[in-house]
Amino acid sequence: MSIKLNYSKISTNNSSSLVLFCDEKYRTNGLKKYLSNTEFSYINDISKTIDTKRNLHIFEINSKKKILLISIKKNLKNSEVENLGAEFFKIIKNINKNEYTVISDSIISNNKSFLGYFLHGLKLKSYEFKKYKTKKEKKIILINIAGNKNKPSSQEQLKFKALEEGTFYARDLVSEPGNILHPDEYAKRLSSLKKDGLKVTIYDEKKLKQLGMYSLLGVGQGSIRGSYLVTMEWNGAKNNSNPLAFVGKGVCFDTGGYSLKPAKFMEDMTYDMAGSATVVGLMKNFALRKAKINAVGVVGLVENMVSGNAQRPGDIVKSYSGKTIEILNTDAEGRLVLADALTFTEKKFKPRFIVDLATLTGAIIVSLGSEYAGLFSNDDKLSKEIFNAGEKVEEKVWRMPLHKNYDKLMNSKNADVQNINYVGGAGSTTAAQFLQRFILNKTPWAHLDIAGMAFSKYGGALNSGGATGFGVRLLNQLVEENYE
Ligand code: BES
Ligand code: MN
Ligand code: ZN
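The following refers to the structure shown. Counting restarts for each chain, with residues numbered from 1 along the sequence as it is written. Chain labels run from A onward and ligand labels from 1 onward, assigned in the order the entries are written. Given that this is a predicted model, residues contribute local features only at a pLDDT of at least 70 and side-chain atom pairs are listed and counted only at 80 or more, while totals for whole chains, interfaces and linings are drawn from all residues. Each side-chain value is derived from all of the structure's non-hydrogen atoms; neither hydrogens nor water enter the calculation.

**A few points about the packing of helix 2 (residues 78-93) against helix 3 (residues 114-126)**
Phase 1: To define axes, lines are fitted to C-alpha atoms, for helices over the stretch in contact only, and angles between the resulting N-to-C directions are given on a 0 to 180 degree scale. The secondary structure listing takes helices from DSSP runs of H or I that are at least 4 residues long and strands from runs of E that are at least 2 residues long, numbered from the N terminus. Where helix 2 meets helix 3, the closest approach of the two axes is 7 Å, and the angle between their N-to-C directions is 50°. Judged by the angle between their axes, helix 2 and helix 3 are oblique. With respect to the hand of their crossing, helix 2 and helix 3 are arranged in right-handed fashion. Touching Asn78, Val81, Glu82, Leu84, Gly85, Ala86, Phe88, Phe89 and Lys90 of helix 2 are Phe114, Tyr117, Phe118, His120, Gly121, Leu122, Lys125 and Ser126, all from helix 3.
Phase 2: Basically, the charged four are Asp, Glu, Lys and Arg, the nonpolar ten are Ala, Val, Leu, Ile, Met, Phe, Trp, Tyr, Cys and Pro, and anything else, Gly included, counts as polar. Here the contact of helix 2 with helix 3 is built from residues that sort into nine nonpolar, five polar and three charged. Should an angle lie under 35 degrees it is considered roughly parallel, over 145 roughly antiparallel, and from 65 to 115 roughly perpendicular; all remaining angles are considered oblique. In a left-handed crossing the near helix is turned counterclockwise from the far helix by less than a right angle, and in a right-handed crossing that turn is clockwise. We call two residues contacting when some pair of their heavy atoms lies within 4.5 Å.

In structure tokens:
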């Protein structure tokens, strides 16, 4: 099922159901002008006995026509308006109607962008991934926005659409299974983002060897697919200021390698590239809405497999930073990919900050479940900005500690650093401490562990289950509010 919005059409046909808005007490006097006399008196009568706790009521006018009445509370926050739009979607999904006309003039809200956020929430909730169902459901729900007032400006429409497309692109990538979206295919798809105006550079194995990225390469060496680092640049600022950098873990499938995962934990590992998908979706969004910033997205694409050529526990590799790493556990692979990606990003782009995203540890799910992403950072200002952005768009983050005492746990006897803490405990923090060692020049840096957020088994406020695209809206908000 998909949703099509249509802003141009003014008059409505009779098979179209109406969507009207009223205040939280269900006072319907103002709606007279949009209805026939019988319709109005019918609604007006019932509305006096209505359960005002519910936001939405459906009136059956006749077999063809329904009127949906939505009550708007005072002082709704943007995220609450989005949630209302999502609730609206849940209702119309189960009604056998293909066309609705929203009367924008009937909106009474002190939120100036009410309709924009309402439709944004509706759209986000309506996403589904049905590519591999052979029986195609072709239902399209058309939503006409009729009226002269309260419509989102074309600028707002563009922004919402870019954010939806960026989020959906991220969700599409995460939803693809490992046999389809392996690193070769992923790199190819990223190359197609050039058409949106991004400068895409693909570093294949040959180039990565020349650069000395053996930490990243080691993870992918057991795969028959290639390993890649891909950069996507967006230059939308008038000046050539240093970019904002976003780095993502793109492990297309994580078997654990020789430190093999048990079946129950392995089956989910198609979404182990979600951090990279968020970065890609975010960059696409910047390009689509022509954001007035300079930004770069960097993703490391690998597949963590077992084979005669796969990495072993005990192997020692040299990273791009020059530091040597002892691989004690081949399942702690995300940090190995990010290590090289982070140092490379810092050195090549000299960014104003680096935010990385990764489905890095199962331990963050133990700590925070599926409510908050873990935030680890060397910078209080950046942390606060991300936290506040998260509150606004309801993609929440919770700051977790970094400390030199945890850092010590990652020292190796045989190399400069080891990839797990064999003392045990604080699994998400020690992973973040590992990453921090590969930020060499004190660049403000934040690491988001999104293992609990990238995929939703039961669905959330703005998704219907499956890939969430977590982080696209969060980081877009961070940028828009503080850097644009
Ligand atoms: N991709 C996993 C983390 C993960 C777990 C993501 C569950 C999403 C859901 C990561 O590569 C991993 O295997 N981490 C290990 C680290 C350990 C070996 C130190 C983990 O969390 O068990
Ligand atoms: Mn792993
Ligand atoms: Zn992993």
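**Details of the site of ligand 1**
Phase 1: Close to ligand 1 lie 17 residues, the nearest being Lys261, Asp272, Asp331, Glu333 and Gly362.
Phase 2: Starting from 520 Å² of accessible surface for ligand 1 in isolation, the protein chains cover 78%.
Phase 3: Residue composition of the shell around ligand 1, by class: six nonpolar, four polar and seven charged. Nearness is defined per residue: one heavy atom within 4 Å of the molecule or strand is enough. Only the protein chains shown count as covering a residue, and every accessible area follows the Shrake-Rupley method with a 1.4 Å probe.

**Observations regarding the sheet that holds strand 13 (residues 353-358)**
Phase 1: One open sheet accounts for eight strands, arranged 7-8-10-9-13-17-14-15; its pairing is mixed. Only two strands of the sheet have a single partner each, and these edge strands are strand 7 (199-203) and strand 15 (397-399). Neighbour-to-neighbour, the strand axes of this sheet turn through a mean angle of 20°, independent of strand direction.
Phase 2: Should DSSP find at least two bridges between two strands, the strands are taken to pair. Sheet analysis places strand 13 next to strand 17 (residues 445-449), joined by five bridges and oriented parallel. Each residue of the ladder has a partner; that of Ile354, found in strand 17, is Trp445.

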